[in-house]
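Examining the three-dimensional arrangement
Residues per chain are reported as follows:
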Amino acid sequence: MIYEDYYIFTPGPVKMSEEILEIGAKQTPYFRNDKFSEVTFNCEKGLLEMVNAPEGSKVIFLTASGTAGMESVVMNLLTKDDNALVVHGGGFGGRFVDICATHNIPHTDFQVKNTNLYNIDKLAPKENYTSLIVNAHETSVGHIYDLDAMGNYAKENNLFFIVDAISMLVTDPIDMSAQNIGAIVASSQKGLALPPGLTMVILSPEAIKRVQDVKNLYFNFKDYLRNGERGQTPYTPAVTIMLQLEARLAQIKRRGGVVQSIQKAKDIAEYFRANIKDLPLKFYTPYMPNAMTTLTPTDGKSAMDIVNGLEDGYKVMVCPNGGAKRDIIFRVSHMGDMTKAYVDVLLDAMYDFYGKKRK
Ligand SMILES: *Cc1c(COP(=O)(O)O)cnc(C)c1O
(Lines give C-alpha, C1' and ligand atoms only; values in the text may rest on other atoms or scores of the structure.)
Protein backbone atom coordinates (compact mmCIF):
# COMPACT_ATOMS: atom_id res chain seq x y z
CA MET A 1 0.00 0.00 0.00
CA ILE A 2 1.52 3.30 -1.07
CA TYR A 3 -0.06 5.69 1.36
CA GLU A 4 1.08 8.77 -0.58
CA ASP A 5 -1.66 7.97 -3.09
CA TYR A 6 -4.39 8.28 -0.46
CA TYR A 7 -6.32 11.29 0.77
CA ILE A 8 -6.13 11.29 4.54
CA PHE A 9 -9.02 12.38 6.77
CA THR A 10 -8.42 10.03 9.70
CA PRO A 11 -8.06 11.52 13.21
CA GLY A 12 -4.50 10.38 13.70
CA PRO A 13 -2.19 9.86 11.95
CA VAL A 14 -3.17 12.94 9.97
CA LYS A 15 -1.88 14.54 6.78
CA MET A 16 1.65 15.85 7.32
CA SER A 17 3.23 18.72 5.43
CA GLU A 18 6.08 18.22 2.93
CA GLU A 19 8.43 20.12 5.22
CA ILE A 20 7.82 17.63 8.04
CA LEU A 21 8.00 14.60 5.75
CA GLU A 22 11.40 15.69 4.46
CA ILE A 23 12.87 15.74 7.97
CA GLY A 24 11.59 12.19 8.46
CA ALA A 25 13.55 11.02 5.42
CA LYS A 26 16.91 12.13 6.85
CA GLN A 27 19.52 10.29 8.95
CA THR A 28 18.72 10.43 12.68
CA PRO A 29 21.46 12.36 14.51
CA TYR A 30 23.23 11.49 17.76
CA PHE A 31 21.47 13.27 20.59
CA ARG A 32 23.57 13.30 23.79
CA ASN A 33 25.02 16.70 23.02
CA ASP A 34 24.31 20.40 23.31
CA LYS A 35 22.97 20.59 19.78
CA PHE A 36 20.13 18.23 20.59
CA SER A 37 19.56 19.77 24.03
CA GLU A 38 18.79 22.95 22.16
CA VAL A 39 16.16 21.09 20.09
CA THR A 40 14.54 19.86 23.30
CA PHE A 41 14.56 23.36 24.80
CA ASN A 42 13.03 24.81 21.62
CA CYS A 43 10.29 22.18 21.66
CA GLU A 44 9.60 22.83 25.34
CA LYS A 45 9.48 26.59 24.88
CA GLY A 46 7.20 26.33 21.84
CA LEU A 47 4.75 23.99 23.55
CA LEU A 48 4.60 26.08 26.73
CA GLU A 49 3.88 29.18 24.66
CA MET A 50 1.24 27.40 22.61
CA VAL A 51 -0.87 26.53 25.66
CA ASN A 52 -0.07 29.71 27.61
CA ALA A 53 1.49 27.71 30.43
CA PRO A 54 2.17 29.53 33.70
CA GLU A 55 5.72 30.63 34.54
CA GLY A 56 7.83 27.72 35.75
CA SER A 57 5.97 25.00 33.79
CA LYS A 58 7.93 22.08 32.30
CA VAL A 59 7.44 19.55 29.51
CA ILE A 60 8.16 15.83 29.77
CA PHE A 61 8.90 14.05 26.47
CA LEU A 62 8.06 10.34 26.42
CA THR A 63 8.84 7.97 23.57
CA ALA A 64 5.43 6.35 23.45
CA SER A 65 1.90 6.84 22.16
CA GLY A 66 -0.57 9.21 23.81
CA THR A 67 -2.01 6.62 26.17
CA ALA A 68 1.38 6.47 27.92
CA GLY A 69 1.06 10.20 28.50
CA MET A 70 -2.39 9.67 30.03
CA GLU A 71 -1.23 6.80 32.23
CA SER A 72 2.00 8.47 33.35
CA VAL A 73 0.09 11.56 34.48
CA VAL A 74 -2.22 9.50 36.68
CA MET A 75 0.72 7.46 38.04
CA ASN A 76 2.94 10.42 38.85
CA LEU A 77 0.46 13.07 39.95
CA LEU A 78 -2.31 11.21 41.81
CA THR A 79 -2.20 8.97 44.89
CA LYS A 80 -4.52 6.79 46.95
CA ASP A 81 -5.38 9.92 48.93
CA ASP A 82 -6.85 11.57 45.84
CA ASN A 83 -10.40 11.27 44.58
CA ALA A 84 -10.70 11.92 40.86
CA LEU A 85 -13.79 12.87 38.92
CA VAL A 86 -13.22 11.31 35.50
CA VAL A 87 -15.36 12.57 32.62
CA HIS A 88 -16.44 9.59 30.54
CA GLY A 89 -18.23 10.46 27.31
CA GLY A 90 -16.60 7.90 25.02
CA GLY A 91 -13.72 5.51 24.53
CA PHE A 92 -10.93 7.83 25.68
CA GLY A 93 -12.77 8.87 28.84
CA GLY A 94 -13.28 5.17 29.52
CA ARG A 95 -9.54 4.71 29.16
CA PHE A 96 -8.85 7.25 31.94
CA VAL A 97 -11.33 5.34 34.13
CA ASP A 98 -9.41 2.10 33.41
CA ILE A 99 -6.10 3.81 34.16
CA CYS A 100 -7.33 5.06 37.54
CA ALA A 101 -8.66 1.57 38.35
CA THR A 102 -5.37 -0.06 37.28
CA HIS A 103 -3.37 2.24 39.57
CA ASN A 104 -5.82 2.09 42.49
CA ILE A 105 -6.65 5.79 42.37
CA PRO A 106 -10.05 6.45 44.01
CA HIS A 107 -12.29 7.87 41.30
CA THR A 108 -15.83 8.33 40.02
CA ASP A 109 -16.72 7.15 36.52
CA PHE A 110 -18.67 10.29 35.53
CA GLN A 111 -20.65 9.13 32.50
CA VAL A 112 -21.91 12.05 30.46
CA LYS A 113 -24.05 12.31 27.35
CA ASN A 114 -25.34 15.15 25.16
CA THR A 115 -23.61 17.88 27.13
CA ASN A 116 -20.38 19.82 26.84
CA LEU A 117 -20.43 20.28 30.64
CA TYR A 118 -20.97 24.04 30.49
CA ASN A 119 -22.98 23.39 33.67
CA ILE A 120 -20.62 20.93 35.31
CA ASP A 121 -21.24 22.62 38.67
CA LYS A 122 -24.83 21.32 38.50
CA LEU A 123 -24.12 17.96 36.86
CA ALA A 124 -21.12 16.77 38.86
CA PRO A 125 -21.79 14.31 41.70
CA LYS A 126 -21.66 16.05 45.08
CA GLU A 127 -18.62 14.32 46.50
CA ASN A 128 -15.34 15.61 47.82
CA TYR A 129 -13.00 15.41 44.88
CA THR A 130 -9.34 16.43 44.63
CA SER A 131 -8.95 16.14 40.87
CA LEU A 132 -10.88 16.53 37.63
CA ILE A 133 -9.85 14.59 34.50
CA VAL A 134 -11.12 15.11 30.95
CA ASN A 135 -10.24 14.40 27.33
CA ALA A 136 -10.97 17.90 26.04
CA HIS A 137 -11.96 16.48 22.66
CA GLU A 138 -13.44 12.98 23.07
CA THR A 139 -12.12 11.74 19.73
CA SER A 140 -14.13 8.51 19.70
CA VAL A 141 -17.29 10.52 19.00
CA GLY A 142 -16.00 13.99 18.04
CA HIS A 143 -17.35 15.80 21.06
CA ILE A 144 -15.63 18.79 22.70
CA TYR A 145 -16.08 19.92 26.31
CA ASP A 146 -16.26 23.42 27.71
CA LEU A 147 -12.81 23.93 29.22
CA ASP A 148 -13.70 27.41 30.51
CA ALA A 149 -16.59 26.08 32.59
CA MET A 150 -14.59 23.08 33.76
CA GLY A 151 -11.60 25.26 34.66
CA ASN A 152 -13.83 27.54 36.74
CA TYR A 153 -15.37 24.53 38.46
CA ALA A 154 -11.88 23.15 39.17
CA LYS A 155 -10.79 26.46 40.64
CA GLU A 156 -13.86 26.93 42.81
CA ASN A 157 -13.57 23.41 44.20
CA ASN A 158 -9.79 23.36 44.45
CA LEU A 159 -9.43 20.44 42.02
CA PHE A 160 -6.23 19.50 40.27
CA PHE A 161 -7.32 19.69 36.62
CA ILE A 162 -5.84 17.17 34.16
CA VAL A 163 -6.62 17.69 30.47
CA ASP A 164 -5.88 15.31 27.63
CA ALA A 165 -5.60 17.81 24.76
CA ILE A 166 -4.20 15.29 22.28
CA SER A 167 -6.78 15.74 19.55
CA MET A 168 -7.53 19.46 19.95
CA LEU A 169 -4.14 21.07 20.37
CA VAL A 170 -3.43 23.35 17.37
CA THR A 171 -7.05 23.15 16.07
CA ASP A 172 -9.10 24.25 19.09
CA PRO A 173 -8.32 26.77 21.83
CA ILE A 174 -6.80 25.79 25.16
CA ASP A 175 -5.30 28.12 27.76
CA MET A 176 -3.52 26.46 30.64
CA SER A 177 -3.34 29.63 32.76
CA ALA A 178 -6.86 30.97 32.19
CA GLN A 179 -8.46 27.54 32.48
CA ASN A 180 -6.61 26.55 35.67
CA ILE A 181 -5.15 23.43 34.08
CA GLY A 182 -2.55 21.59 36.14
CA ALA A 183 -1.35 19.11 33.53
CA ILE A 184 -1.87 18.73 29.78
CA VAL A 185 -1.26 15.57 27.78
CA ALA A 186 -0.28 16.03 24.12
CA SER A 187 0.73 13.58 21.43
CA SER A 188 2.51 13.84 18.10
CA GLN A 189 0.10 12.23 15.64
CA LYS A 190 -3.05 14.38 15.94
CA GLY A 191 -3.26 18.17 15.55
CA LEU A 192 0.50 18.47 15.73
CA ALA A 193 0.54 16.47 12.49
CA LEU A 194 3.72 14.48 13.13
CA PRO A 195 4.28 10.72 13.05
CA PRO A 196 3.08 8.76 16.11
CA GLY A 197 5.59 7.90 18.83
CA LEU A 198 6.05 11.01 20.94
CA THR A 199 3.82 12.04 23.81
CA MET A 200 4.34 15.20 25.82
CA VAL A 201 3.15 16.04 29.30
CA ILE A 202 3.00 19.71 30.21
CA LEU A 203 3.28 20.27 33.95
CA SER A 204 2.36 23.48 35.73
CA PRO A 205 4.32 24.43 38.87
CA GLU A 206 1.37 23.02 40.86
CA ALA A 207 1.77 19.70 39.01
CA ILE A 208 5.53 19.66 39.57
CA LYS A 209 4.90 19.92 43.32
CA ARG A 210 2.58 16.90 43.06
CA VAL A 211 5.10 14.59 41.38
CA GLN A 212 5.41 11.37 43.42
CA ASP A 213 8.19 8.87 44.02
CA VAL A 214 6.68 6.25 41.74
CA LYS A 215 7.63 2.59 41.68
CA ASN A 216 8.32 2.64 37.97
CA LEU A 217 11.54 3.03 36.04
CA TYR A 218 10.51 4.35 32.62
CA PHE A 219 7.63 6.61 33.60
CA ASN A 220 9.35 8.32 36.51
CA PHE A 221 8.68 12.06 36.10
CA LYS A 222 11.36 13.03 38.65
CA ASP A 223 13.96 11.45 36.41
CA TYR A 224 12.60 13.32 33.36
CA LEU A 225 12.49 16.63 35.21
CA ARG A 226 16.08 16.17 36.39
CA ASN A 227 17.32 15.34 32.87
CA GLY A 228 15.14 18.04 31.37
CA GLU A 229 17.15 20.72 33.12
CA ARG A 230 19.95 20.07 30.61
CA GLY A 231 17.59 19.48 27.68
CA GLN A 232 17.85 15.71 27.81
CA THR A 233 15.66 12.67 28.56
CA PRO A 234 16.71 9.66 30.68
CA TYR A 235 16.35 7.29 27.70
CA THR A 236 16.59 7.66 23.93
CA PRO A 237 13.93 10.14 22.81
CA ALA A 238 12.04 9.90 19.51
CA VAL A 239 14.88 11.98 18.03
CA THR A 240 13.47 12.43 14.54
CA ILE A 241 9.98 13.27 15.78
CA MET A 242 11.49 15.86 18.12
CA LEU A 243 13.27 17.43 15.14
CA GLN A 244 9.96 17.39 13.31
CA LEU A 245 8.23 18.92 16.33
CA GLU A 246 10.79 21.73 16.45
CA ALA A 247 10.13 22.43 12.76
CA ARG A 248 6.38 22.15 13.17
CA LEU A 249 6.31 24.65 16.03
CA ALA A 250 8.37 27.05 13.91
CA GLN A 251 5.99 26.46 10.99
CA ILE A 252 2.96 27.30 13.14
CA LYS A 253 4.69 30.47 14.31
CA ARG A 254 5.69 31.45 10.78
CA ARG A 255 2.09 31.01 9.61
CA GLY A 256 0.80 33.45 12.21
CA GLY A 257 0.83 31.49 15.46
CA VAL A 258 -1.55 29.04 17.04
CA VAL A 259 -4.46 31.49 16.85
CA GLN A 260 -4.08 31.42 13.08
CA SER A 261 -3.86 27.60 13.04
CA ILE A 262 -7.07 27.37 15.05
CA GLN A 263 -8.80 29.80 12.70
CA LYS A 264 -7.66 27.78 9.70
CA ALA A 265 -8.98 24.53 11.20
CA LYS A 266 -12.26 26.30 11.94
CA ASP A 267 -12.52 27.52 8.32
CA ILE A 268 -11.83 24.03 6.99
CA ALA A 269 -14.36 22.43 9.35
CA GLU A 270 -17.03 25.00 8.46
CA TYR A 271 -16.33 24.59 4.74
CA PHE A 272 -16.76 20.83 4.99
CA ARG A 273 -19.92 21.08 7.12
CA ALA A 274 -21.54 23.67 4.83
CA ASN A 275 -20.84 21.55 1.75
CA ILE A 276 -22.37 18.26 2.90
CA LYS A 277 -25.83 19.73 3.45
CA ASP A 278 -27.28 17.97 0.42
CA LEU A 279 -26.14 14.53 1.54
CA PRO A 280 -28.20 12.13 3.71
CA LEU A 281 -25.98 12.71 6.74
CA LYS A 282 -26.41 14.50 10.02
CA PHE A 283 -24.03 15.72 12.70
CA TYR A 284 -23.66 13.30 15.59
CA THR A 285 -23.23 15.99 18.25
CA PRO A 286 -23.87 19.73 18.42
CA TYR A 287 -20.59 20.15 20.36
CA MET A 288 -18.18 19.74 17.49
CA PRO A 289 -14.50 20.64 17.68
CA ASN A 290 -12.71 22.25 14.74
CA ALA A 291 -10.59 19.11 14.69
CA MET A 292 -13.22 16.71 13.43
CA THR A 293 -16.78 16.10 12.22
CA THR A 294 -18.68 12.96 13.21
CA LEU A 295 -21.53 11.99 10.90
CA THR A 296 -24.56 9.69 11.08
CA PRO A 297 -26.27 8.41 7.90
CA THR A 298 -29.96 9.36 7.72
CA ASP A 299 -30.89 7.04 4.83
CA GLY A 300 -30.36 3.74 6.63
CA LYS A 301 -26.96 3.15 5.04
CA SER A 302 -24.29 1.63 7.26
CA ALA A 303 -21.54 4.08 8.22
CA MET A 304 -19.04 1.30 7.62
CA ASP A 305 -20.21 0.93 4.00
CA ILE A 306 -19.54 4.62 3.43
CA VAL A 307 -16.04 4.33 4.92
CA ASN A 308 -15.27 1.30 2.75
CA GLY A 309 -16.84 2.86 -0.34
CA LEU A 310 -14.72 5.99 -0.04
CA GLU A 311 -11.53 4.01 0.46
CA ASP A 312 -12.11 1.43 -2.28
CA GLY A 313 -13.60 3.77 -4.85
CA TYR A 314 -11.70 7.01 -4.29
CA LYS A 315 -8.67 6.30 -2.06
CA VAL A 316 -10.19 8.62 0.49
CA MET A 317 -9.60 7.57 4.10
CA VAL A 318 -12.19 8.58 6.66
CA CYS A 319 -12.47 6.86 10.01
CA PRO A 320 -14.86 4.08 11.00
CA ASN A 321 -15.97 3.39 14.57
CA GLY A 322 -15.78 0.02 16.20
CA GLY A 323 -18.25 -1.90 18.31
CA ALA A 324 -21.84 -0.79 18.71
CA LYS A 325 -21.31 2.45 16.75
CA ARG A 326 -19.86 0.66 13.73
CA ASP A 327 -22.92 1.21 11.53
CA ILE A 328 -24.06 4.45 13.11
CA ILE A 329 -21.18 6.93 12.83
CA PHE A 330 -18.00 7.68 10.94
CA ARG A 331 -15.48 10.44 11.50
CA VAL A 332 -13.82 13.01 9.25
CA SER A 333 -10.72 14.72 10.58
CA HIS A 334 -9.85 18.33 9.79
CA MET A 335 -6.45 18.09 11.51
CA GLY A 336 -3.15 18.34 9.71
CA ASP A 337 -2.06 19.95 6.48
CA MET A 338 -5.51 20.69 5.07
CA THR A 339 -6.59 23.00 2.27
CA LYS A 340 -10.04 23.57 0.79
CA ALA A 341 -8.83 21.97 -2.47
CA TYR A 342 -7.85 18.85 -0.52
CA VAL A 343 -11.25 18.79 1.23
CA ASP A 344 -12.88 19.13 -2.21
CA VAL A 345 -11.47 15.70 -3.11
CA LEU A 346 -13.35 14.24 -0.15
CA LEU A 347 -16.53 16.18 -0.93
CA ASP A 348 -16.49 15.17 -4.60
CA ALA A 349 -15.94 11.54 -3.60
CA MET A 350 -18.84 11.68 -1.14
CA TYR A 351 -21.23 13.18 -3.68
CA ASP A 352 -20.14 10.68 -6.33
CA PHE A 353 -20.55 7.82 -3.86
CA TYR A 354 -24.16 8.91 -3.28
CA GLY A 355 -24.73 9.43 -7.02
CA LYS A 356 -25.51 13.08 -6.40
CA LYS A 357 -24.36 16.23 -8.08
CA ARG A 358 -22.43 18.70 -5.92
CA LYS A 359 -23.85 22.21 -6.20
C1 LIG B 1 -5.46 9.53 19.99
C2 LIG B 1 -5.83 9.88 21.36
C3 LIG B 1 -5.12 9.38 22.47
C4 LIG B 1 -3.90 8.53 22.37
O5 LIG B 1 -4.05 7.31 21.78
P6 LIG B 1 -2.75 6.48 21.40
O7 LIG B 1 -3.28 5.46 20.47
O8 LIG B 1 -2.19 5.90 22.65
O9 LIG B 1 -1.79 7.45 20.78
C10 LIG B 1 -5.51 9.78 23.73
N11 LIG B 1 -6.55 10.60 23.91
C12 LIG B 1 -7.24 11.10 22.89
C13 LIG B 1 -8.36 12.04 23.17
C14 LIG B 1 -6.92 10.76 21.58
O15 LIG B 1 -7.60 11.27 20.55
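Note that the structure is a prediction, hence the values are computed from the model and not measured.

1. Here we look at the sheet that holds strand E4 (residues 107–111)
Backbone-to-backbone hydrogen bonds pair the strands of a sheet. The strands run either parallel or antiparallel. If you trace the seven strands from one edge of the open sheet to the other, you get E2-E10-E9-E8-E5-E3-E4, paired in mixed fashion. The open sheet has two edge strands, strand E2 (58–62) and E4, and neither has a second partner. Adjacent strand axes in the sheet meet at a mean angle of 15°, parallel and antiparallel pairs treated alike. Looking at chain direction, strand E5 (residues 131–135) and strand E8 (residues 160–164) are connected through five bridges and run parallel. Bridge pairing in E8 links Leu132 to Phe161.

2. Digging into the packing of helix H11 (residues 303–314) against helix H12 (residues 340–353)
Look at H11 against H12: their axes get within 10 Å of each other, and the N-to-C directions meet at 110°. Relative to H12, H11 is oriented roughly perpendicular. As for the relative orientation of H11 and H12, their crossing is right-handed in sense. Together, Asp305, Ile306, Gly309, Leu310 and Tyr314 of H11 and Leu346, Ala349, Met350, Asp352 and Phe353 of H12 make up the contact between the two elements.

3. Things to note about the site of the ligand
Taken together, 13 residues lie around the ligand, and Ser65, Thr67, Thr139, Asp164 and Lys190 are the ones closest in. In the model, an oxygen atom of the ligand is placed 3.0 Å from a nitrogen or oxygen of the Gly66 main chain. Contact distances for the ligand include 2.5 Å between an oxygen atom and a side-chain N or O atom of Thr67. Protein contacts shield 87% of the accessible area of the ligand, which totals 380 Å² for the unbound molecule. Those elements that place two or more of their residues in the shell around the ligand are helix H3 (66–77) and helix H4 (91–102). Of all the elements, H3 adds the most residues to the shell around the ligand, at three residues. Considering only residue class, the shell around the ligand consists of three nonpolar, seven polar and three charged.

Thresholds, definitions, all that
All residue numbers refer to position in the chain's written sequence, counted from 1. In view of the model being predicted, local features appear only for residues whose pLDDT reaches at least 70, and side-chain atom pairs are presented and counted only at 80 or more, with totals across whole chains, interfaces and linings using the full set of residues. Each side-chain value is derived from all of the structure's non-hydrogen atoms; neither hydrogens nor water enter the calculation. One requirement defines pairing of two strands: DSSP has to find at least two bridges between them. By definition, any uninterrupted DSSP run of H or I lasting at least four residues is a helix, any uninterrupted run of E lasting at least two residues is a strand, and each is numbered from the N terminus. Geometry is summarised by axes, namely lines fitted to C-alpha atoms with helices restricted to the contacting stretch, and by angles between N-to-C directions that run from 0 to 180 degrees. We call two directions roughly parallel when the angle between them is under 35 degrees, roughly antiparallel when it is over 145, roughly perpendicular when it lies between 65 and 115, and oblique otherwise. Helix crossings are classified by the rotation of the near helix relative to the far one: an anticlockwise turn of less than a right angle makes the crossing left-handed, while a clockwise turn makes it right-handed. Whether two residues touch is decided by their heavy atoms; if any such pair falls within 4.5 Å, the residues are in contact. One heavy atom suffices: a residue is near a molecule or strand as soon as one of its heavy atoms comes within 4 Å of it. Here a polar contact is recorded for every N or O atom pair within 3.5 Å, except that within protein the pair must consist of a potential hydrogen donor and a potential acceptor, and residues adjacent in sequence are included only if both atoms are side-chain atoms. With residues, only the protein chains shown are counted as cover, and all accessible areas are computed by Shrake-Rupley using a 1.4 Å probe. Each residue receives one of three labels: charged for Asp, Glu, Lys and Arg, nonpolar for Ala, Val, Leu, Ile, Met, Phe, Trp, Tyr, Cys and Pro, and polar for the others, Gly being one of them.

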